[in-house]
Amino acid sequence: MSIQITIDGQPVVTEAGENLVDVAAQNSVYIPTLCYLKGKPCLGTCRVCSVRVNGHFTAACSVPVTEGMQVEVDTAELADMRKALIESLFSEGNHNCPSCEKSGRCELQATGYEVGMVVSRFPYRFPLRPREVAADHIWLERDRCIFCQRCVEFIRDRQTDQKIFAIKGRGTAAQIEVNTELANRMPPEQVREAADICPVGCIIEKGVGFNDPIGRRKFELQSVRERALGEEES
Amino acid sequence: MSRKLVIDPVTRIEGHGKVTIQLDDDNNVTDAKLHVVEFRGFEKLIQGHPYWEAPMLLQRICGICFVSHHLCGAKALDDMVGVGLGSGIPMLPTAEKVRRLGHYAQQLQSHVTAYFYLVVPEMLFGMDAPPEQRNVLGLVEQNPALVKRVVALRKWGQELIRTVLGKRMHGISSVPGGVSKNISLEERDRFLNGEEGLLSIDEVIEYAQEGLKLFYEFHGQHREQVDSFAVVPSLDMCLVNDEGNVDYYHGRIRILDEDKRIVREFDYHDYLEHFSEATEEWSYMKFPFLKDLGREKGSVRVGPLARMNVTKTLSTPLAQAALEKFHAYTGGKSNNMTLHTNWARAIEIIHSAELIKELLHDPDLQNEQLLMTPADNAWTGEGIGVVEAPRGTLLHHYRADRSGSISFANLIVSTTQNNSVINRTVRSVAQDYISGKAEITEGMMNAIEVGIRAYDPCLSCATHALGQMPLEISLFNAEGQIVDAQRR
Ligand code: SF4
Ligand code: SF4
Ligand code: FES
Ligand SMILES: [Fe+2]
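Bear in mind that the values here come from a model prediction, so they are computed numbers and not experimental data.

Another point: the overall build of chain B. The secondary structure content of chain B amounts to 19 helices and 15 strands. Taken over C-alpha atoms, the radius of gyration comes to 22 Å for chain B, in line with the 23 Å a tight globule of 488 residues would show. Principal axes of the C-alpha set define a box for chain B whose edges measure 70 × 50 × 40 Å. Counting the 488 residues in chain B, one finds 63% classified as buried. Sequence-distant contacts in chain B: of pairs separated by 6 or more residues, those separated by 24 or more amount to 69%. Taken as a whole, chain B presents about 18200 Å² of accessible surface, with 51% of it coming from carbon and sulfur. Where the 50 positive side-chain charges of chain B centre and where its 64 negative ones centre are 2 Å apart.

Turning our eyes to something else, we now look at the nonpolar core. Here is a general trend for soluble globular proteins: nonpolar side chains tend to be buried in one another's company. One finds Ile21(B), Phe116(B) and Trp156(B) to be the most contacted residues of the largest nonpolar core, which totals 127 residues. Considering each element in turn, this core owes the most residues, 14 residues, to helix H5 (residues 93-125) of chain B. Among all residues touching Trp156(B), those that are not within four sequence positions of it are Leu108(B), Phe191(B), Leu198(B), Leu199(B), Ser200(B), Ile201(B), Val204(B) and Ile356(B). Among the nonpolar cores identified, the runner-up in size contains 36 residues, and Leu34(A), Cys35(A), Leu89(A) and Ile164(A) belong to it.

Further remarks concern the packing of helix H15 (residues 317-329) of chain B against helix H16 (residues 341-360) of chain B. Residue and element names in this part refer to chain B. Running from amino to carboxyl end, H15 crosses H16 at an angle of 160°, the nearest separation of the two axes being 8 Å. Between H15 and H16, the crossing angle belongs to the class labelled roughly antiparallel. In terms of crossing hand, the pair formed by H15 and H16 is left-handed. Residues Pro317, Leu318, Ala319, Ala322, Leu323, Lys325, Phe326 and Tyr329 of H15 pack against Trp343, Ala344, Ile347, Ile350, His351 and Glu354 of H16.

All names here are of chain B. Here asparagine 27 lies in the loop between strand E1 (17-23) and strand E2 (29-35). Within the structure, asparagine 27 has its side chain in polar contact with the backbone oxygen of glycine 436 (distance 3.3 Å). Apart from the residues lying within four places of it in its own chain, the contact partners of asparagine 27 are Ile434, Gly436, Lys437 and Ala438.

Let us now look at the pattern of salt bridges. Summed over all chains, the structure comprises 49 salt bridges over all chains. One salt bridge in this structure joins Glu141(A) and Arg131(A), with 2.9 Å as the shortest N-O distance. You can see Glu141(A) sitting in the loop between strand E6 (138-140) and helix H4 (150-154) and its partner Arg131(A) sitting in the loop between helix H3 (107-114) and E6, a full ten residues away along the chain. A relative accessible area of 6% means that Glu141(A) is categorised as buried. Accessibility expressed as a relative area gives 28% for Arg131(A), which makes it partly exposed. Across the salt bridge formed by Asp189(B) and Arg188(B), the nearest N and O atoms sit 3.0 Å from each other. Owing to a relative accessible area of 17%, Arg188(B) belongs among the buried residues under this scheme. Several salt bridges converge on common partners, so that one network encompasses Glu153(A), Arg156(A), Asp161(A) and Lys163(A).

All names here are of chain A. With respect to the helices and strands, arginine 52 occurs in strand E3 (residues 50-53). Considered as a pair, arginine 52 and proline 123 are 71 residues apart in the sequence and their alpha carbons are 27 Å apart. Leave out the neighbours within four places in its chain, and arginine 52 touches Phe57, Gln70, Val71, Glu72, Glu77 and Leu78. Of the polar contacts made by the side chain of arginine 52, one reaches the side chain of glutamate 77; its length is 2.9 Å.

It is worth spelling out the sheet that holds strand E7 (residues 262-267) of chain B at this point. Residues and elements named next belong to chain B. In spatial order, the strands read E7-E6-E5-E10; together these four strands make up an open sheet with mixed pairing. In this open sheet, the two edge strands, each paired with only one partner strand, are E7 and strand E10 (300-301). Relative to E10, strand E5 (residues 235-240) is paired through two bridges, and the arrangement is parallel. The residue of E10 that forms the bridge with aspartate 236 is arginine 301.

A separate point is the site of ligand 2. The full set of residues close to ligand 2 is Cys145(A), Ile146(A), Phe147(A), Cys148(A), Gln149(A), Cys151(A), Ile176(A), Cys198(A), Pro199(A), Val200(A), Cys202(A) and Ile203(A). Its residues assigned to classes, the shell around ligand 2 shows eleven nonpolar, one polar and no charged.

All names here are of chain A. Along the chain, the position of arginine 170 falls in the loop between strand E7 (165-168) and strand E8 (175-178). With relative accessibility at 76%, the residue arginine 170 sits in the exposed group. Expressed as a C-alpha distance, the spacing of arginine 170 and aspartate 8, which sit 162 residues apart in the sequence, is 37 Å.

Quoted interface sizes are often the accessible area lost when the parts come together. Taken together, the contact pairs 21 residues of chain A with 22 residues of chain B. Summing both sides of the interface, chain A and chain B together bury roughly 1800 Å²; the carbon and sulfur share of this comes to 61%. A per-residue breakdown of the area chain A buries against chain B is headed by Trp139(A), Phe210(A) and Ile214(A), which together make up 36% of the total. Counting across the chain A and chain B interface gives one salt bridge. Where chain A packs against chain B, one counts four residue pairs in polar contact (both at pLDDT 80 or more). Here the side of chain A that touches chain B is composed, by residue class, of seven nonpolar, five polar and nine charged.

Let us look at the pairing of strand E9 (residues 283-290) of chain B. Residue and element names in this part refer to chain B. In terms of burial, E9 is largely enclosed, as six of its eight residues are buried. Relative to E9, strand E8 (residues 275-280) runs antiparallel, the two sharing five bridges. Each bridged residue has a counterpart across the sheet, and for serine 276 the counterpart in E9 is phenylalanine 289. Between E8 and E9, which pair antiparallel and follow one another directly, the connecting turn spans two residues.

Residue and element names in this part refer to chain B. Entries for chain B in the domain assignment read domain 1 (1-38 + 437-488), domain 2 (89-229 + 336-366) and domain 3 (237-335). Between the C-alpha centres of domain 2 and domain 3 there is a distance of 22 Å. Facing 28 residues of domain 2, the contacting portion of domain 3 comprises 24 residues. Taken over both partners, the interface formed by domain 2 and domain 3 buries close to 2400 Å², and the fraction arising from carbon and sulfur atoms is 60%. A per-residue breakdown of the area domain 2 buries against domain 3 is headed by Asn336, Ile347 and His351, which together make up 26% of the total. Measuring nitrogen to oxygen at the nearest pair gives 2.7 Å for the salt bridge that ties glutamate 348 to arginine 307. Linking domain 2 to domain 3 there are 16 residue pairs in polar contact (both at pLDDT 80 or more).

Cut-offs and rules
- Residues numbered from 1 in each chain as written.
- Chains lettered and ligands numbered in written order.
- Predicted model: local features only at pLDDT ≥ 70, side-chain atom pairs only at ≥ 80, totals over all residues.
- Heavy atoms only, no water.
- Helix = DSSP H or I, 4+ residues; strand = E, 2+ residues; numbered from the N terminus.
- Rg over C-alpha atoms; globule rule 2.2 N^0.38 Å.
- Buried < 20%, exposed > 50% of the residue type's maximum accessible area, 1.4 Å probe, protein only.
- Contact = heavy atoms within 4.5 Å.
- Areas by Shrake-Rupley, 256 points an atom, 1.4 Å probe, with all protein chains shown as cover.
- Lys, Arg positive; Asp, Glu negative; His and termini not counted.
- Charge placed at Lys NZ, Arg CZ, Asp CG, Glu CD.
- Core = buried A, V, L, I, M, F, W, Y, C linked by side-chain atoms within 4.5 Å.
- Axes fitted to C-alpha atoms, helices over the stretch in contact; angles between N-to-C directions.
- Parallel < 35°, antiparallel > 145°, perpendicular 65-115°, else oblique.
- Left-handed = near helix turned anticlockwise from the far one by under 90°.
- Polar contact = N/O pair within 3.5 Å; in protein donor to acceptor, adjacent residues only side chain to side chain.
- Salt bridge = Lys/Arg side-chain N within 4 Å of Asp/Glu carboxyl O.
- Pairing = 2+ DSSP bridges.
- Near = heavy atom within 4 Å.
- Nonpolar A, V, L, I, M, F, W, Y, C, P; charged D, E, K, R; others polar.
- Buried area = accessible area lost by both parts, 1.4 Å probe.
- Domains from an automatic or database assignment.

Okay, here's the thing in structure tokens:
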């Protein structure tokens, strides 16, 4: 059913029930995201997609659009809020981009650039989470995890549909875990899928980290904004 | 109290050279030492990291010779994954040539910087000129045409490094078993033919000869001063190929004595069988030496002077012509004249430019076969890489467990190899320049700086661009009290 909503005051005609992030993108409005994957159920973990809907703060990726909805995206207050959320993700991990193999392919880094982050306003926590290296082909660089849960929900054992990844512990003690036995059953393309689905350089494929040369890395070829906005056309 | 100030690591100023000079009761120099605070932290820091990160992370040790560290680390990783070892899986020619291209580009760029920004002002204005003049800014006033050429050369070297490695600094193109990128024809042609704002390779070779011309002129006018300044006998070491000629990227380690007899030649994987490292409480930098010869006799010199002493010939015409003259000057013996390091460096500037030209014409650079991915059973878990960095022989040694975590790393950098020789140089200069009074004269300060600078040691990395090496000199009397201290 066709409905009309407004995004930053502009009328937009769309279908009821569509995801707000997608509707915005179709209309050339970029809403930064980190946990949301188009076509997959919303995880709602990162809140980087924060907007106002009918005056209330909400995570855009969790909103199916309805008739008459008034959406604010591009306000100074919201932009700063999204930026603060990104900054806090940097503060809560250890992110040393220059020697990180995800650099140039990292959604956190790319989104950080996109929202104009220069330095974090929050004190760095320097967590010490041990690396997990027991699996044959998967390495977890846990200090870079942003707890988005993408791997937890979307990477499953192909035979049993069991989860391979899990977040254990709460608050500052939380960390990502991998079931080594199941991980060792993952075919190579699924290992790659896991590394790709991880928005940061936490899940990495052993031995191959720097194989994309500078200049030809994912977000150097096309920025995260262009990707978000362009996907519909292609 | 003040004694402690000199060697206390807490009060050290990063990147400063600290020299202490010991006098006897008659104010003769009995000893002189260069104290260096080398940042060894990198070897600890890398532990636990994934092995494939080592060449990316460890190159950050240096802002000048990062390509050498990057390649040296990559070579160690080739060993580790089982590529290029003995009769095993060979390295692909394109991968090796692309790495060599980056390496020569850095040699050109690093030598041009050291030579023209630091050494040439010394030559033109004299060692005793005030430091404010004795730098590249002074040079701009005196010879703007030369400076223009030097700037263009550096830019060209930097641009080539960027093209090969992906970034002007700290690129990531070398991965275990190969490289991630080749050189396209368009990229190659920019460097062969030049473009607006970028020299052609022939212009580069032409400009590269300026250094040697300047050295000849200077040497002609100040032969006595240049030849007698800090003559320091030593063994000379570098990587050589099967013909006994220097190879900057790969080869066997050869060590020659003053009569150019081969004292030792070995596969660099056996480095630790031949060398020990001594430590001193007054310096953080170790003193490597050949075990069986002992510290005094077994210390080696590395870098341009050592390489030009060791190599029989150079494979490119202009460099070979210059080398013949260089060899003839000492009549078949090794050249121990510290300031002739600049002669050697000037030859290497030309040689790198010529080597780059050869490589640019090599069609292998455009090949798509870049990376060997060996089977799991080729894994050795340990790797050693050695290259001839601009300042001399550089070694990276890593071990990793089967999970891929680095459990051990050791880096032996060229400046460390030169440690004993640099100390001998400082001692020799201090002896020659002591005034007979317990004081540090301006002349002595300058001369020590010039002596240390001949090695272009990495402790001056951070201040290269300023053209002035931060230096602190303390003079101790026979009772061990500081009687004079100068700093700049
Ligand atoms: S994961 Fe992303 S943000 Fe974190 S260090 Fe790596 S590139 Fe930087
Ligand atoms: S490991 Fe990666 S995908 Fe999984 S929760 Fe952490 S950041 Fe998200
Ligand atoms: S993208 Fe919406 S909460 Fe993460
Ligand atoms: Fe260096």
